[in-house]
Amino acid sequence: MSDLVTGEAVVLGVQPAKLPSRMIACALDLLVLFVVVIGLTLVLALSAPDLDSAAAAAATLCLMVGILVGIPVVVETLSRGRSLGKLALGLRVVRTDGGPVRFRHALVRGLVGFFEIIALAGVPATISSMVSDRGRRLGDVFAGTLVVRERVPGAGGGRSPLPPLPPQLMHALGGELASLDLSAVPDGLWLAVRQYLGRMQQLDPQVSWNLAQQLAADLVTRTGRPAPEGLHPAAYLGAVLAERQQREWRQMTAHQQSAQAFPTPAPAGPALHGHRWAAAPVAAPAPVPAPPTAPALPSPVPQAAPQAAPLAPQPVAAEQAVPVDGGADRHGGFAPPA
């Protein structure tokens, strides 16, 4: 049994693949690859019969290396660590933290495996697997991978991982969950519970039981309420996690409803201390009817003052006529000459 620690700090108990099963899977893979090599070699010989011996040997060597290295790398990358032989025996290649392998892991395993399995007849791979406590060959050591068993005998087989719950116990569990205070449970513990429940069926039964008991004890310590008697720890974890998710959903629904009922208006006004506030739209005021106005009166045009008519020369009376010759008037005076 091997304990893998995931990136979420969850310890997974997995069973590494034994040396005989790995050898059988490798033999099946090599058998398929050599059949492909022989078939392509015959096709090359029939399609180009005029090649000399040196060119034919070089082409065969390149074809063999490309197939024996390229095909396993591509297959392991696309299938997330499963080849034809591993799929037949229920094996998978994973990283040392339990994650799926990538192209670089498959490439390192393929390059190292060509020398330690094919070129050296598998002697270094066998010795390394026998010495390692996890059965890792040199390619696994350099790539940081591990071959584990996906189908563990007696760890699944279609049966339910949890026993059925009686109605009385379910009723008691519902009352306990409604009164639990989940505010003291940290996010890291919730994450560990979710990771365990998602991978519970992939673990060994004993490891799964021990991990469920540990997580349930941590929840009981945080909540301060003991779990009901006779309840499977994994079922208790699932029920508490479902209760937390249901509470979060109710809070989110109530918040959305309150936000729709009472929308918060955006603050209006200019920018304040470097923050731009969007002004709320202000409705235009209703037009006020103008008071009725009296009809405009024509403004009086000032009349120009009448100009004095030129004085017409007054006729001189006969008695007032002045003699031209400068004679005296009737009063005996003399008029001045004109």
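Quick caveat, the model's predicted, so the values are computed rather than measured.

Here's the deal with the overall build of the chain
Then comes step 1: In terms of regular secondary structure, the chain is built from 10 helices and 4 strands.
Then comes step 2: A total of 338 residues make up the chain; the buried ones form 28% of that total.
Then comes step 3: Residue pairs in contact within the chain that sit at least 24 positions apart in sequence constitute 65% of those at least 6 positions apart.
Then comes step 4: Surface exposure of the chain reaches about 22700 Å², of which carbon and sulfur atoms provide 65%.

Side note on the packing of aromatic side chains
Each aromatic ring pair is specified by the distance between its two centres and by the angle formed by the two planes.
Then comes step 1: All told, the structure shown has 1 aromatic pair when counted by the stated rule.
Then comes step 2: Arranged with centres 5.6 Å apart and planes meeting at 85 degrees, the rings of Phe114 and Phe115 form a pair that is edge-to-face.
Then comes step 3: The exposure class assigned to Phe114 is buried, which follows from its relative accessible area of 18%.
Then comes step 4: The exposed category is assigned to Phe115, whose relative accessible area is 53%.

Here's the deal with the side chain of Asp140
Then comes step 1: Its place among the elements puts Asp140 in helix α6 (residues 138-143).
Then comes step 2: Of the polar contacts made by the side chain of Asp140, one reaches the side chain of Thr145; its length is 2.8 Å.
Then comes step 3: Discounting chain neighbours no more than four positions away, the residues touching Asp140 are Arg22, Arg109, Thr145 and Val147.

Some points on the nonpolar core
Then comes step 1: Counting 24 residues, the largest nonpolar core has Trp190, Tyr196, Leu215, Leu219, Tyr236, Leu237 and Val240 as its most contacted members.
Then comes step 2: Looking at this core, the elements with two or more residues in it are α8 (187-198), α9 (205-223) and α10 (233-261).
Then comes step 3: With 7 residues, the top contributor of residues to this core is α10.
Then comes step 4: Excluding its chain neighbours within four sequence positions, the residues that come into contact with Val240 are Leu177, Leu180, Leu182, Trp190 and Leu219.

Structural notes on the layout of surface pockets
Then comes step 1: Each pocket or cavity is described by its volume, and for the largest pocket that value is around 740 Å³.
Then comes step 2: Put simply, the parts of the chain that give the lining of the largest pocket at least two residues each are α1 (19-47), α2 (53-78), α3 (84-89), α4 (103-119) and α5 (123-131).
Then comes step 3: For the lining of the largest pocket, the leading source of residues is α1, giving 12 residues.
Then comes step 4: Taken together, the residues that form the lining of the largest pocket break down as 24 nonpolar, 6 polar and 6 charged.

As for the environment of Ile24
Then comes step 1: Within the fold, Ile24 resides in helix α1.
Then comes step 2: For Ile24, a relative accessible area of 46% gives the class partly exposed.
Then comes step 3: Separated by 62 residues in sequence, Ile24 and Lys86 have C-alpha atoms that sit 8.8 Å apart.

Some details on α1
Three- or four-residue spacings in an α-helix give side chains the same orientation, since the helix completes a turn every 3.6 residues.
Then comes step 1: Taking 1.5 Å per residue as the helical rise, α1 with its 29 residues ought to reach 42 Å, and the 42 Å between its terminal C-alpha atoms agrees with that figure.
Then comes step 2: Turning to α1, its buried residues are Ser21, Arg22, Ala25, Asp29, Leu30, Leu33 and Val37.

Examining unusual backbone geometry
Most peptide bonds take the trans configuration, and most residues that are not glycine carry a negative phi.
Then comes step 1: One non-glycine residue with positive phi stands out, namely Arg80, at about 60 degrees.
Then comes step 2: Within the fold, Arg80 resides in the loop between α2 and α3.
Then comes step 3: What makes Arg80 partly exposed here is its relative accessible area of 37%.
Then comes step 4: Unusually for a residue other than glycine, Ala121 sits at a positive phi of about 60 degrees.
Then comes step 5: Looking at where Ala121 falls in the secondary structure, it is placed in the loop between α4 and α5.
Then comes step 6: Residue Ala121 is classed as exposed on the basis of its relative accessible area, which comes to 64%.

Structural notes on the pattern of salt bridges
Then comes step 1: Under the counting rule described, the total for this entry stands at 9 salt bridges.
Then comes step 2: Where Arg22 meets Asp140, a salt bridge forms, and the shortest distance between an N and an O atom there is 2.8 Å. Taken as a pair, Arg22 in helix α1 and Asp140 in helix α6 lie far apart in primary sequence, 118 residues in all.
Then comes step 3: Judged by relative accessible area, Asp140 falls into the buried class, the value being 0%.
Then comes step 4: One salt bridge in this structure joins Arg137 and Glu116, with 2.3 Å as the shortest N-O distance. Of this pair, Arg137 sits in the loop between α5 and α6 while Glu116 sits in helix α4, placing them 21 residues apart in sequence. The same class applies to Arg137 and to Glu116, which are both buried.
Then comes step 5: Among the ionic contacts, a cluster of salt bridges with common partners joins Arg22, Glu76, Lys86, Arg109 and Asp140.

Describing the confidence of the model for the chain
Then comes step 1: Taken over all residues, the pLDDT of the chain has a mean of 73, while the share at 70 or more is 65%.
Then comes step 2: Segment residues 271-280: pLDDT under 50, and 13 contacts once partners within four positions in sequence are set aside and those in other chains are kept.
Then comes step 3: This model gives residues 316-338 a pLDDT under 50, and the stretch forms 9 contacts once residues within four places in sequence are excluded.

Description of the pairing of strand β4 (residues 145-149)
Then comes step 1: Of all 5 residues in β4, 4 are buried, a share of seventy percent or more.
Then comes step 2: As defined by bridge partners, strand β3 (residues 91-95) adjoins β4 across 5 bridges and the pair is classed as antiparallel. In the strand pairing of β4, Val94 is matched with Leu146.

Cut-off values and rules
Residues numbered from 1 in each chain as written. Predicted model: local features only at pLDDT ≥ 70, side-chain atom pairs only at ≥ 80, totals over all residues. Heavy atoms only, no water. Helix = DSSP H or I, 4+ residues; strand = E, 2+ residues; numbered from the N terminus. Buried < 20%, exposed > 50% of the residue type's maximum accessible area, 1.4 Å probe, protein only. Contact = heavy atoms within 4.5 Å. Areas by Shrake-Rupley, 256 points an atom, 1.4 Å probe, with all protein chains shown as cover. Phe/Tyr/Trp six-rings, centres within 6.5 Å; stacked < 30°, edge-to-face > 60°. Polar contact = N/O pair within 3.5 Å; in protein donor to acceptor, adjacent residues only side chain to side chain. Core = buried A, V, L, I, M, F, W, Y, C linked by side-chain atoms within 4.5 Å. 1 Å grid on protein atoms, 1.4 Å probe; cavity = no way out; pocket = protein on both sides within 12 Å on 5 of 7 lines; lining within 4 Å. Points joined across faces, edges and corners; volume = space filled by probe spheres on them. Nonpolar A, V, L, I, M, F, W, Y, C, P; charged D, E, K, R; others polar. Expected span 1.5 Å × (residues − 1). Salt bridge = Lys/Arg side-chain N within 4 Å of Asp/Glu carboxyl O. pLDDT = per-residue confidence, 0-100. Pairing = 2+ DSSP bridges.

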